[in-house]
Every structure is written in C-alpha cells, then in structure tokens.
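One-letter residues, chain by chain:
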Amino acid sequence: MGYSDPSSSRDLLGNRTLFFIFICAFAVVTLLQQILYGRNYLKRYFEFYEGPLEYNSTKCLELRHDIIEVKVLSMVKQTELFDRWKNLQMLSKIYFMDTSGIFHINQEIFKMFPKDMPYHRSQFKKCAVVGNGGILKNSGCGREIDSADFVFRCNLPPISEKYLTDVGVKTDVVTVNPSIITERFHKLEKWRKPFYNVLQVYENASVLLPAFYNTRNTDVSIRVKYVLDDFESQQAVYYFHPQYLINVSRYWLGQGVRAKRISTGLILVTAALELCEEVHLFGFWAFPMNPSGIFITHHYYDNVKPRPGFHAMPSEIFNFLHMHSKGILRVHTGTCSCC
Amino acid sequence: MPERGPAPRRRCGRRMAGLAWKWPRTRLPVGASALGVFVLCWLYIFPVYRLPDEKEIVQGVLLQQGKAWRRNHTAVALFRKLLEECCDPAQLFAMTKLNSPMGKNLWFDGEFLYSVTIDNATYSLFPQATPFQLPLKKCSVVGNGGILKKSGCGKQIDQADFVMRCNLPPLSSEYSKDVGSKTQLVTANPSIIQKRFQNLLWSRKAFVDSVKVYNHSYIYMPAFSMKTGTGPSLRVYYTLKDFGAKQAVLFANPNFLRDIGKFWKSKGIHAKRLSTGLFLVSAALGLCEEVTIYGFWPFSVDLHGKFISHHYYDNVLPDSGFHAMPEEFLQLWFLHKSGVLRMQLEPCEDPLIQSSA
C-alpha cells in the first residue's frame, strides 16, 4: 500500500468537486433545454396545424381581411412599398435605416429611380414567397410555385435545372443582399460578367436591393444598376425606401419578432401581404428538423449556417405559423402534390 | 527678471551694429568667404550645366531643317544593342507568364520600397509571352503634341506596320487626317482612368465605348508602377474582358520601366519620372527596325514661331516638375541627328495642298 495524495480524501465536497458538479449540471440543463425546446417547437407547430385550413372559407377570409386591414395596412398606410418618389423629389437626402448617416441624392442617383411605384396594392391574386430553407429539398413544389401569379425570391438563390422540380423557375422579384455582392462578386469592383450572368438566370425579374439600409450597402447596390445598364439588360432595379424598412421592422417588433435585423424574407412577406390576395410561403423553415423529425440542410442548395444572433429566424417562423393558423397566409412545409 | 532680460541684449546689439561696418562678425574665416565668392564668380562665368531654353532649341532645330535625314543603320544597331543590354525590351516589355512567374515579388518602380507578390488571380491575367511578331518592321510612335494639328501626317502614320500612341488620345474623324486612325498599341495612364472614368467603379460603358476607336489594339498599362494604379489597371482588364471587347490589355513590367529610367538617367535626364512617350520610344527602338516619331514637341511655338496648343486635341498644360520634357526632347533630337530614329516636325503635306484637296 503506497502513500496516496493526502489531500485527495479531504476534498470530497470541496471547491474543485463542487465546481465540477456545477459544470455538469449546467451541461445537463442546457442539453435538456435543447431537447425540450426542439420538441416544443414541433408541438407548437402541430397545434397550429390542427387549425382550420380551408383557405377560402368565409370565416377565414374575414379574419385575414381584418388582420390585413387593421394591422398590416395601418403600417402600410404611412408608407408605400418600395420608394416614395413624390417625397424624394422634394427631399434631397434620405436617412439610412440604421441611422448611420445621411445620404445625399444627387442628380445621377435620382435618375436611377423609377418614376412611379412599380406595383400597387392587391394587384395579384396568388403570390408565392420562396425562402431558401432546406425544407424545399425534395419537396417537388416547383410547379406549384410556378403556378403563382407573382413569385418573390430571396438573396439570389440558384434556380438551375437541378432544383427545378423543387423550387420552380418563375421569378418576378429577386432580392440581392449587398453582403452577397461583397463576398461573391468582390463588390463588383473586378469582374462584373459573372454577376450579370447570375442575374440573367432570372430572366425578367426585377432586382430589389436594400441600398439605403446602411452606408456600407449603398455603393455596392448602386453599382448593380450600373452593371445592368452597361450590359443593356431589361431588368429593373428597385431600392427599398429606408423608411419602409423602419416601419416594417417596427411593426413586426410589435408582433413579437425580436431581432437585430429582420430578414429579407419577412420584408418580402410583408410586401406580399400588401400586393396579393393569397400569400403562399415556401421554404420558410429555420430548424434543423422538418415537422416529421427528419434532419434537413439549412438551405436547399447548401448547408452554410448564418451568423448567430443576427436574425431571429425561429421567432419569424413562429410568427408565420401563427398567421398560418389564423388563415392569413399559408406556410408550405410538406411536399406539394397539387397541379 | 524676465522683464529686465531683453534690455542689456539690446544695448549690446547697438554696440555690435556700431562695430559691424568696421569688422563684420562672421564665423567663417575671411579666406573661406573669399573662396566662396570666387567659386560663385567662376560658376557665373563658366556655368556647369544649363538647359537651353525654348528659343535656343527651336533655333537648333531650324538649323538642321535643310539637311536631308538618312537612317544610319550602324547607329540603329548600336543603339538597339545598348537597349538590349540594359533592358531587354523583347522579353521584358510587358508582364508575361514567362518573365513573371507566380510568387515573384514585384517591386514598384514609382514607389519607394513597395512590392506585391504575383498571386494566382493576377498571374492568370498575363499573356504567355510578348504577343508581337518580333522584330517589328516599321513603327510610328505618335505623341500628342500640338504640332500635329493641321500637319496632315495621318496617311504617313498609317503606312507603318505598327502604330503606338500615348495616353488614350482622341482619334475621331476630325483628327484622323492629322494623326491617322490605325493603332496597334496605346498606353493608358491609371490617372486618366481615374479622372475620366471614375476608376471604373460605376458605369463602365463609357470607357468601353471610348476605346472602340482603337480597334484590335493592345492597351498598355503601367499597373505596377504606382500603388494607386494597380486597381484601375486591373479593372480595365476586367472591364474589357467582361464586355468581350476587341482590345487586349498588356501590363507594363516595372523592371523594364525602371531599367529604361536608369538608362536615360545615365544619359542625363533629370526628372522624377520619364514621360510615357519616352518609354514608348525606347521600347519601339528595341522592338522595331525603323522608328518614326510624330508629335513629340513640348514647346509652345512651332518651327515658324507660331503659337500652338499643348496637345493636338486640347491645351491642358501638365503639372510642372514631374516630367522633364525639354530634356527628353533634346535626347530624342540627338537620336534624330545621329540617324537612329526619324522625328517628324514639319507638316507632312503642304497645308495649301491640303486645303485645295
């Protein structure tokens, strides 16, 4: 029997052991939280799913109408959709959304803006807003998306042959995040043809940019217009009015969506609610599992996770599900079988 | 104490002033200052080096006018050998895959201790080797001097096999009679890209349209001379490739430019930097068999004493103190006299005949 460490028996419930136990307990609690939370969202989802789904039932339409009239339009009445041209003609400067500065609109920039609002309220019957969630993979929703009158897409998603059956090809508005231009296209300071080729895929779709979100985005976004002009493209370029972004953000904050920045998808859904009678959401899903519990990739084309703490995706999705359960819009999460 | 300070010094100063005319207070011994005065007088009588002024140069040029110019083939060969020894224009004229392999460190010739390493992206922009059929036969190097205006030299310039021009000059129809329309190589300074085309950061169509006049020519850009020039020069390449333009971009080799600079410095050109024209003429002398230069005339009067504009298309004077144009002109004039190149200064056709035709 050799000598053992004399301090080993003394520290039975001493500092070190207690510390270790604390760490273990914390880990277990976190793990449990994760699991329970994961269960929870599925549960909540299925709860909503039980609700009335007859899209055209009078009761549902009424409710939806109410909500659009009261909630969404109350916000919308003081803003218009993309840019307030009348005001811009008088104002020579606009404020960035994140209040990082003031942008002075000179003659050249002003010429880029379209004369009129490109779209007006309740113009379309059926709209599809296509997110990029991995839930779209193998969904076969392509034809249903294409059957919509107006299709919104987010952040230059690939719509090549490979994804045709799942996401369709029809595109009327595609948004481009300036961060994509910065990362994938070197701020358009070098090659421009690759970017143009990517935009060409969307044929006649209008390009929608949050140019006046903050100072970093402006130069890059304005360059998009120059690129399309240089290559004599017919595609239109629109910029979100910063005031519109502020109002949308404020509105959804009131609805309980807490994020540093609302996602492009949410802005598009808001716009769609204004422009269209029926709004269908495809690929809006930000969880690692689909409703039947199978793991899916983050996007339908890759599995690159976003930066944490930037967008509040789950909160936004729950919000959509909530609206879905009230029949305001329709969130497609399963496979499509229609048409 | 501080108030009383200045008073004694003033008194002292007065005393000194009184003494000054008797005995000047100097630190140098009298012999040294006498020597200094002597040297100054010597320099005044026998100046070390003085650049001849405009009138003298014009007079000197006029003296030569009557004599017929003949190409001196031995002098041409000798000068080409000199250039090949110092700078090797055939190999080093442009950046190529051969002379600048990947990972090579490039020291900028217009900056103090600044270099870039050629990475994969930059390397892919270079051609395999200098893309000319060497040696070139007859070359015209066209400067932008105002002396070209109403010269009617266009036809003669176009007769050469290879026409080089400087700094994206305008070639519209109103000038084609005087400067020709053919171009095989045109240089472009990044500063022009910056001034006229906003560094190609915004709309690029204007640039592409403006270089359409140069048809199938090479655009020669000193991309690796100044820090600020690299971005615009590479952007010129991207732009022309994006639009599928006929023009190709060649990047100047900083080693070549530095060697040419040293070469002319040893011949006595004191300037911060050589002008594009002299770079081009040196390159042409190394690459071509017969070189004729047009529009190299940096003075405000022509041979007959008439005032002319600085460029044939405008009268914007350059920043002073950057280029030493008269010195460069004297060197070229010396080459003309020794038969290495031909410098065209008079109108090629009689203006009277031109007007009647």
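Bear in mind that the values here come from a model prediction, so they are computed numbers and not experimental data. (Residues numbered from 1 in each chain as written. Chains lettered and ligands numbered in written order. Predicted model: local features only at pLDDT ≥ 70, side-chain atom pairs only at ≥ 80, totals over all residues. Heavy atoms only, no water.)

**Q** Give me the overall build of chain B: which residues, what numbers.
**A** A tally of regular secondary structure across chain B gives 15 helices and nine strands. Put simply, chain B has 357 residues, and 42% of those count as buried. Across chain B, the fraction of contacts at a sequence separation of at least 24, relative to all contacts at a separation of at least 6, is 73%. Working note: accessible area of chain B is about 19,800 Å², and carbon and sulfur atoms make up 58% of it. (Helix = DSSP H or I, 4+ residues; strand = E, 2+ residues; numbered from the N terminus. Buried < 20%, exposed > 50% of the residue type's maximum accessible area, 1.4 Å probe, protein only. Contact = heavy atoms within 4.5 Å. Areas by Shrake-Rupley, 256 points an atom, 1.4 Å probe, with all protein chains shown as cover.)

**Q** Now, about the side chain of Thr239(B): what can you tell me, with residues and values included?
**A** All names here are of chain B. Tracing the sequence through the fold places Thr239 in helix 11 (residues 230–242). Take Thr239: its relative accessible area is 0%, and that puts it in the buried class. A distance of 2.6 Å separates a polar side-chain atom of Thr239 from the backbone oxygen of Arg235. With sequence-adjacent residues up to four places away left out, Thr239 is seen in contact with Leu200, Arg204, Phe207 and Val208. (Polar contact = N/O pair within 3.5 Å; in protein donor to acceptor, adjacent residues only side chain to side chain.)

**Q** Describe the packing of aromatic side chains, naming the residues involved and giving the relevant values.
**A** Here the structure, examined in full by the defined rule, presents 34 aromatic pairs over all chains. Where Phe108(B) meets Tyr114(B), the ring centres are 4.9 Å apart and the plane angle is 85°; that geometry is what we call edge-to-face. Put simply, the rings of Trp191(A), Phe108(B), Tyr114(B), Phe126(B), Phe224(B), Tyr237(B), Tyr238(B) and Phe251(B) pair up and form one aromatic cluster. Lying across the ring of Tyr123(B), Lys97(B) places its NZ or CZ 5.6 Å from the centre. Note that Lys227(B) overlies the ring of Tyr114(B), its terminal NZ or CZ placed 4.8 Å from the centroid. (Phe/Tyr/Trp six-rings, centres within 6.5 Å; stacked < 30°, edge-to-face > 60°. Lys NZ or Arg CZ within 6 Å of the ring centre and 35° of its normal.)

**Q** So what's going on with the packing of helix 12 (residues 254–266) of chain B against helix 13 (residues 276–287) of chain B? Residues and values would help.
**A** All names here are of chain B. For the pair helix 12 and helix 13, interaxial distance at closest approach is 11 Å and the crossing angle is 95°. With respect to helix 13, the element helix 12 is oriented roughly perpendicular. Contacts from Phe256, Leu257, Ile260, Gly261 and Trp264 in helix 12 reach Leu278, Phe279, Ser282 and Ala283 in helix 13. Class assignment of the residues belonging to the contact of helix 12 with helix 13 gives a composition of seven nonpolar, two polar and no charged. (Axes fitted to C-alpha atoms, helices over the stretch in contact; angles between N-to-C directions. Parallel < 35°, antiparallel > 145°, perpendicular 65-115°, else oblique. Nonpolar A, V, L, I, M, F, W, Y, C, P; charged D, E, K, R; others polar.)

**Q** Tell me what's going on with the pairing of strand 3 (residues 124–130) of chain A, and back it up with residues and numbers.
**A** All names here are of chain A. Counting buried positions along strand 3 yields six of seven residues, so the element is predominantly enclosed. Where strand 3 meets strand 8 (residues 276–282), six bridges bridge the pair, whose relative direction is parallel. Note that in strand 8 the partner of Cys127 across the bridge is Val279. Examined bridge by bridge, strand 3 and strand 4 (residues 150–153) share four bridges and lie parallel to one another. In the sheet register, Ala128 faces strand 4, and the bridge partner there is Val151. (Pairing = 2+ DSSP bridges.)

**Q** How would you sum up the pattern of salt bridges? Please name residues and give values.
**A** All names here are of chain A. Counted according to the given criterion, the structure contains nine salt bridges over all chains. Its salt-bridge partner being Lys225, residue Asp229 comes within 4.0 Å of it at the nearest N-O pair. Placement of the pair is Asp229 and Lys225 together in helix 9 (residues 215–230), with a separation of four residues, close to one helical turn. Relative accessible area serves as the criterion here: at 39%, Asp229 is assigned to the partly exposed category. (Salt bridge = Lys/Arg side-chain N within 4 Å of Asp/Glu carboxyl O.)

**Q** Pulling in residues and values, what's your account of the sheet that holds strand 9 (residues 342–344) of chain B?
**A** Residue and element names in this part refer to chain B. Within the open sheet, the seven strands sit side by side as 7-6-5-4-3-8-9. Their pairing is parallel. With partners counted over all chains shown, the strands left at the sheet margins are strand 7 (248–251) and strand 9, one partner each. Across the sheet, the mean angle from the axis of one strand to that of its neighbour is 25°, orientation sign disregarded. As paired elements, strand 3 (residues 136–142) and strand 8 (residues 288–294) share six bridges and run parallel to each other. Bridge assignment links Val141 to a residue of strand 8, and that residue is Ile293. Each of strand 6 (218–221) and strand 7 touches helix 11; the most contacted strand, strand 7, lies at about 160° to it.

**Q** Could you give an account of the interface of chain A and chain B, naming the residues involved and the relevant values?
**A** Facing 15 residues of chain A, the contacting portion of chain B comprises 13 residues. In this structure, the connection of chain A to chain B is made through one salt bridge. Scanning the region where chain A abuts chain B turns up twelve residue pairs in polar contact (both at pLDDT 80 or more). When contributions to the side of chain A that touches chain B are tallied by element, the ones reaching two or more residues are helix 8 (193–200) and helix 9 of chain A. Per element, the largest residue contribution to the side of chain A that touches chain B is six residues, and it comes from helix 9 of chain A.

**Q** Give me the lowdown on helix 12 (residues 313–325) of chain A, citing residues and values where you can.
**A** Residue and element names in this part refer to chain A. In this model helix 12 runs 18 Å from its N-terminal to its C-terminal C-alpha over 13 residues, within 8% of the 18 Å that 1.5 Å per residue would give. When helix 12 is considered as a whole, its buried residues turn out to be Glu316, Ile317, Phe318, Asn319, Phe320, Leu321, Met323, His324 and Ser325. Among the residues trailing helix 12, Gly327 stands out with phi positive, at a value near 80°. (Expected span 1.5 Å × (residues − 1).)

**Q** Which residues make up unusual backbone geometry, and what values do they have?
**A** The step from Leu134(B) to Pro135(B) runs through a cis peptide bond, and the omega angle for that step is -5°. Topologically, Pro135(B) is positioned in the loop between helix 6 (120–123) and strand 3. Phi is positive for Leu188(A), close to 60°, though the residue is something other than glycine. Checked against the element boundaries, Leu188(A) lands in the loop between helix 7 (178–184) and helix 8. Residue Leu188(A) is classed as buried on the basis of its relative accessible area, which comes to 0%. In this structure, Gln198(B) takes a positive phi of about 45° despite not being glycine. By secondary structure assignment, the location of Gln198(B) is in the loop between helix 9 (190–197) and helix 10 (205–210).

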